[in-house]
Amino acid sequence: MRRCAALIVCALIVCTMPTLALGYTLPNESAVPGGVKIIRLDIHGNAMPYVDVDGHRALVVQDDGSWIAVVGIPLSAPLGPSHVIVRGTDARQEIDFTVADKRYASQSLKVAKAKVDLSRADLERVNREKVVIEHAMSRWTDEQPPSLRMRQPTPGVRTSSFGLRRIFNGESRNPHSGMDIAAPTGAKVVAPLEGTVIDTGNFFFNGNTVFVDHGRGMISMYCHLSAIDVKPGQHVAAGTTLGAVGMTGRVTGPHLHWGLSLNRAWVDPELFVSD
């Protein structure tokens, strides 16, 4: 077994830098909880390697005969040493990297009491919905995404909400795992990248929601919609209308919650946005 080390300098806040493959545009790299680690693999040929990160398959893309792993780092990831396991056609390789620190802010919100202290029926509903969301996040298709840079799915102000430690009615909850885009009710929400609709539905916290598979474990999610204009199984081109901005689910006002998952880890969509 050969070990390779990719050293990342730890800092309280890690600046991101655009990463370009020879002919394939990659997201910005930020090896922090909720960020992305990009690893160029010493593997050539057309057989797609399997990259394992904490038991989940990571996105890999091919560029000019070389393979690149784009690894999502969970918000809950411990700081310090981490690694992926690469399985090629005739070898197994372990590649080390370091997860650096990033200090996310906190936010206090007031919402309806029933949206925080759940009734038994609501809790049962939320648990059922977790299974649906996990199923969507676990989807894998072999088709390579056409790009890993994408447009913003609706016009509006992008807030720095990803990773915020949410405090609802004085009670701490999980960090915010998506980007909130401030937009009026009815504003069009479009697919930022080509893909296939996995599922749609109405969820207790997320409201009206659409899940889209972009290939190789990259899944996007659009929440709090006032309308849904697509169906499961539908192929969507970049720019296809998915629905409209709303304020369904647990919200304090109209906006789009945009989530992006790699290897079943929610990562910051800001790293993928082309301005």
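Up top is the structure these notes are about.
Residues numbered from 1 in each chain as written. Predicted model: local features only at pLDDT ≥ 70, side-chain atom pairs only at ≥ 80, totals over all residues. Heavy atoms only, no water.

Asker: Explain the pattern of salt bridges here, please?
Answerer: Pairing is possible between side chains of opposite charge, provided their charged atoms come close. Following the criterion strictly, the structure yields seven salt bridges and no others. When the shortest N-O distance is used, the salt bridge between Arg103 and Asp101 registers 3.0 Å. Residue Arg103 is classed as exposed on the basis of its relative accessible area, which comes to 57%. Note that Arg120 and Glu124 form a salt bridge whose closest N and O atoms lie 3.5 Å from each other. Here Arg120 pairs with Glu124, and both are found in helix H1 (residues 120–137), just four residues apart, close to one helical turn. You can call Glu124 partly exposed: its relative accessible area is 39%. (Salt bridge = Lys/Arg side-chain N within 4 Å of Asp/Glu carboxyl O. Buried < 20%, exposed > 50% of the residue type's maximum accessible area, 1.4 Å probe, protein only. Helix = DSSP H or I, 4+ residues; strand = E, 2+ residues; numbered from the N terminus.)

Asker: Is there a simple way to explain the environment of Ala238 in this structure?
Answerer: Summarising the element assignment, Ala238 is placed in the loop between strand S19 (235–236) and strand S20 (241–244). A C-alpha to C-alpha distance of 5.2 Å links Ala238 and Ala191, two positions 47 residues apart in sequence.

Asker: I tried to follow the sheet that holds strand S14 (residues 188–190) on my own but got confused; where do I start?
Answerer: Pairing between the strands of a sheet comes from backbone hydrogen bonds, and it takes one of two forms, parallel or antiparallel. Spatially, three strands are ordered S14-S20-S18 in an open sheet, and the strand pairing comes out antiparallel. Two strands in the sheet have a free side with no partner beyond their single neighbour: S14 and strand S18 (227–228). As judged from the two bridges shared by S18 and S20, these two strands associate in the antiparallel manner. When the sheet's bridge partners are listed, Ala227 is paired in S20 with Ala244. (Pairing = 2+ DSSP bridges.)

Asker: Would you mind showing me how to read the nonpolar core here?
Answerer: Looking at soluble globular proteins, one finds that nonpolar side chains tend to be buried together. Counting residues in each nonpolar core, the largest one holds 35 residues, and the members touching the most others are Leu148 and Phe272. Broken down by secondary-structure element, the contributors of at least two residues to this core are strand S2 (36–44), strand S5 (59–63), strand S6 (66–72), strand S13 (179–182), strand S16 (207–215), strand S17 (218–225) and strand S21 (255–262). If one sorts the elements of this core by residue count, S21 sits on top with four residues. Not counting residues within four places of it along the chain, the set of residues in contact with Leu148 comprises Tyr24, Thr25, Leu26, Pro27, Leu59, Val61, Val70, Met218 and Phe272. Counting 18 residues, the second largest nonpolar core, distinct from the first, contains Ile39, Leu41, Ala69 and Ile95. (Core = buried A, V, L, I, M, F, W, Y, C linked by side-chain atoms within 4.5 Å. Contact = heavy atoms within 4.5 Å.)

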